[in-house]
Amino acid sequence: MMFPQLYKDELLKAIASIDLEKVGQAIEILARARDEGRRIFVCGNGGSASTASHFATDLVKGASYGRTARFRILALTDSLPTITAYSNDVGYECIFAEQLKNFAEPGDVVMGISSSGNSPNVLRAVEYGNSIGCRTIALSGREGGRLGPLAQLNIQISHAHTGRIEDLHMVVLHMIGYCFMEAEDRHPDEPPQ
């Protein structure tokens, strides 16, 4: 069998394992945050950093433009000067939690994305969010690592392959984002996504 076919077959099996009830719970948490004017913070490393940035863009533009209710979401991965300053002067494990100390308030949402579920900087961000009364959501992989049980809501991709975990994290976040983007509450002049 050719590798692309094998990858596709394994990916389709993994997609079937997505817990749609938990995805629905995440949608409810984020809708409430939007409606209450709360901030949403999202973070991750490597491919998960790109996923965090992508998701923030989907909500900041796609799910907000032309609408009365808008998302206040920031990817903590996007300020490279801040990340490198903390990494160089303090330590890489604090790069997200220290940003949260500047901006997060009780009732805000902190989302951590980690394929292993064990990224120290993501763990610290979720720990800090929990400590000040934020709602916390994890997108984890494998057995959930330490992140899964740390977050109030854990959407876990129980798969061993990092690529497929990352693929499915993006699928989950597109389910969430497009739920808002395809809602019928946009301005009549705004074209569909």
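### So, the sheet that holds strand β1 (residues 39-44)
Thought 1: Pairing in this open sheet of five strands is parallel, and the strands run β2-β1-β3-β4-β5 from one edge to the other. Each of the sheet's edge strands pairs with one partner strand only, and the pair in question is β2 (72-75) and β5 (153-157). The sheet shows a mean angle of 15 degrees between the axes of neighbouring strands, taken without regard to direction.
Thought 2: Pairing between β1 and strand β3 (residues 109-114): five bridges, direction parallel. Bridge pairing in β3 links I40 to V109.
Thought 3: The strands touched by helix α3 (residues 47-62) within the sheet are β1, β2 and β3, with β2 carrying the most contacts at an inclination of about 160 degrees.

### Examining the packing of helix α2 (residues 20-35) against helix α8 (residues 162-181)
Thought 1: Close contact between α2 and α8 brings their axes to 10 Å; oriented N to C, the two are set at 45 degrees. Put simply, α2 runs oblique to α8. Once α2 is placed against α8, the crossing between them reads as right-handed. On the side of α2, the interface is formed by L20, V23, A26, I27, L30, A31 and R34, while α8 contributes V172, M175, I176, C179 and F180.
Thought 2: In the contact of α2 with α8, the residues fall into 11 nonpolar, no polar and one charged.

About the cut-offs
- Residues numbered from 1 in each chain as written.
- Predicted model: local features only at pLDDT ≥ 70, side-chain atom pairs only at ≥ 80, totals over all residues.
- Heavy atoms only, no water.
- Pairing = 2+ DSSP bridges.
- Helix = DSSP H or I, 4+ residues; strand = E, 2+ residues; numbered from the N terminus.
- Axes fitted to C-alpha atoms, helices over the stretch in contact; angles between N-to-C directions.
- Contact = heavy atoms within 4.5 Å.
- Parallel < 35°, antiparallel > 145°, perpendicular 65-115°, else oblique.
- Left-handed = near helix turned anticlockwise from the far one by under 90°.
- Nonpolar A, V, L, I, M, F, W, Y, C, P; charged D, E, K, R; others polar.

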